[in-house]
Amino acid sequence: MADLLVVEDEVKIGELLVSALGANGYTVTWERDGAGALASARTGSFDLVLLDLGLPDLDGIEVCRMLRRLQPECLVVVLTARRDEMDVVEGLEAGADDYLTKPFRMTELLARVRAHLRRASADALGSGVFSSGELTLDPGARRCLVRGHEVALRPKEFDLLARLASEAGRAVSREALMDDVWDRNWFGSTKTLDVHVAALRRRLAEAAESLEPPAYLPLITTLRGHGYRLEFQGGPPGERIGPA
Ligand code: CA
């Protein structure tokens, strides 16, 4: 079963989380501050971190960023009591995969944790190797290559790209992306989706520009009010990702 790290300074909430997650078969490590969280992340190996952003010692956003660096494969769900949208966006930009706003129902948290730990299904992501321009995506091996060079994508970024690639050249609705990549029962804000698309574009552009000449990659087109489309042919040269 999965190893979880809970970072929460409020004893009541921490105890509830530890007992509920433990009862569901997860192995749980509980840290009450940022320093403890980072120490645990340096020595242990976790599948998912539940990170309260309001910590007594360190800035939760900074802890999120450092956790990302220490354990790139680990999923991070931030918990925030603050309703401020900026916290959520900052958390996602610092590398969180998802967020929950306090107060949350334990059933919702457990459903979310379960959904995250279950990889997006092969059906949704497509099993064939996708290739367009100089991008190659192999969902089975979970590899993303740009002109033969491997690009390190975060788990959700990979799933998102694979989901778009499974219907390359066609519009994929926001609802379909949220359902297939995050959680079938998702009904919350889709800021998560936009931040992940932005991060994915940034990562691909960086990978393309790091090569000489810059690699030619398919664009991810925003369809206002609907969703996104991964262009199959890579778009005309004037639209190539990277320097003109
Ligand atoms: Ca707190």
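Please refer to the structure higher up on the page.
Calculation rules
Residues numbered from 1 in each chain as written. Predicted model: local features only at pLDDT ≥ 70, side-chain atom pairs only at ≥ 80, totals over all residues. Heavy atoms only, no water. Helix = DSSP H or I, 4+ residues; strand = E, 2+ residues; numbered from the N terminus. Buried < 20%, exposed > 50% of the residue type's maximum accessible area, 1.4 Å probe, protein only. Contact = heavy atoms within 4.5 Å. Areas by Shrake-Rupley, 256 points an atom, 1.4 Å probe, with all protein chains shown as cover. Expected span 1.5 Å × (residues − 1). Core = buried A, V, L, I, M, F, W, Y, C linked by side-chain atoms within 4.5 Å. Donors = N, O, S within 2.8 Å, 3.2 Å for Na, K, Ca; no water. Pairing = 2+ DSSP bridges. Salt bridge = Lys/Arg side-chain N within 4 Å of Asp/Glu carboxyl O. Axes fitted to C-alpha atoms, helices over the stretch in contact; angles between N-to-C directions. Parallel < 35°, antiparallel > 145°, perpendicular 65-115°, else oblique. Nonpolar A, V, L, I, M, F, W, Y, C, P; charged D, E, K, R; others polar. Polar contact = N/O pair within 3.5 Å; in protein donor to acceptor, adjacent residues only side chain to side chain.

Trainee: So what's going on with the overall build of the protein chain? Which residues, and what values?
Mentor: Each helix and strand in the protein chain was counted, giving nine helices and 12 strands. In the protein chain, which comprises 244 residues, the share counted as buried stands at 51%. Considering only contacts in the protein chain between residues 6 or more positions apart, those separated by 24 or more positions represent 60%. Just so you have it, the protein chain exposes about 11,400 Å², and 51% of that area is on carbon and sulfur atoms.

Trainee: Can you tell me about helix α9 (residues 191–209), naming the residues and giving the values?
Mentor: Look at α9: 27 Å from first C-alpha to last across 19 residues, which is about the 27 Å you get at 1.5 Å a residue. Of all the positions in α9, only T192, L193, V195, H196, V197, A199, L200, L204, A205, A207 and A208 are classed as buried.

Trainee: Quick rundown of the nonpolar core? Include the residues and the values.
Mentor: Across soluble globular proteins, you tend to see nonpolar side chains buried next to one another. The biggest cluster of nonpolar side chains holds 32 residues, and the ones touching the most others in it are L135, L137, C144, V146, L161 and L193. Looking at this core, the elements that each hand over two or more residues are β7 (135–138), β8 (143–146), α7 (155–165), α8 (174–182), α9 and β12 (227–230). Once residues lying within four places of it in the same chain are set aside, the contact partners of L137 are G128, V129, F130, R143, C144, F158, L161, A162 and A165. Counting 23 residues, the second-largest nonpolar core is a separate cluster that includes L51, V63, V78 and A96.

Trainee: Lay out the coordination of the calcium ion in plain terms, naming residues and giving numbers.
Mentor: Here the calcium ion is held by the protein donor atoms D9 (OD), D52 (OD) and G54 (O), which lie 2.2 to 2.3 Å from it. Each donor residue of the calcium ion lies on one chain, and together they are spaced D-x42-D-x1-G. With D9 in the loop between β1 (3–7) and α1 (11–23) and D52 in strand β3 (residues 48–52), this pair connects stretches of sequence that are 43 residues apart.

Trainee: An account of the pairing of strand β11 (residues 220–223) is needed here, citing residue identities and associated values.
Mentor: Summarising the sheet, β11 and β12 pair through four bridges and their orientation is antiparallel. Within the sheet, the bridge partner assigned to T221 lies in β12 and is R229. Connecting β11 to the antiparallel partner β12 that follows it, the hairpin turn spans three residues, and G225 within it adopts a positive phi of roughly 75°.

Trainee: Outline unusual backbone geometry, listing residues and values.
Mentor: In this model, K102 is joined to P103 through a cis peptide bond whose omega is 0°. Tracing the backbone through its elements, the reader meets P103 in the loop between β5 (98–101) and α5 (106–117). The omega torsion of the bond from E212 to P213 falls at -5°, within 30 degrees of zero and hence cis. Secondary-structure assignment places P213 in the loop between α9 and β11. Backbone geometry at R142 places phi at a positive 50°, although glycine is not the residue there. Looking at the element boundaries, R142 is found in the loop between β7 and β8. The backbone of R147 sits at a positive phi, close to 45°, despite the residue not being glycine. The residue R147 is located in the loop between β8 and β9 (149–150) in this model.

Trainee: For the pattern of salt bridges, give the residues involved together with the corresponding values.
Mentor: This model, assessed by the stated rule, comprises 17 salt bridges. Between R170 and E167 there is a salt bridge, with its nearest N and O atoms 3.6 Å apart.

Trainee: Tell me about the packing of α7 against α9, residues and numbers included.
Mentor: Two elements in contact, α7 and α9, have axes separated by 10 Å at closest approach and are oriented at 90°. When the axes of α7 and α9 are compared, the pair comes out roughly perpendicular. Contact with α7, carried on its side by K156, E157, L160 and L161, involves L193, H196, V197, A199, L200, R203 and L204 of α9 and no other residues of that element. Partitioning the contact of α7 with α9 into residue classes produces seven nonpolar, one polar and three charged.

Trainee: Let's hear about the side chain of H116: which residues, and what values?
Mentor: You can see H116 is positioned in helix α5. H116 sits in the buried class, given a relative accessible area of 4%. Reaching out from H116, the side chain makes a polar contact with the side chain of D98 at a distance of 2.8 Å.

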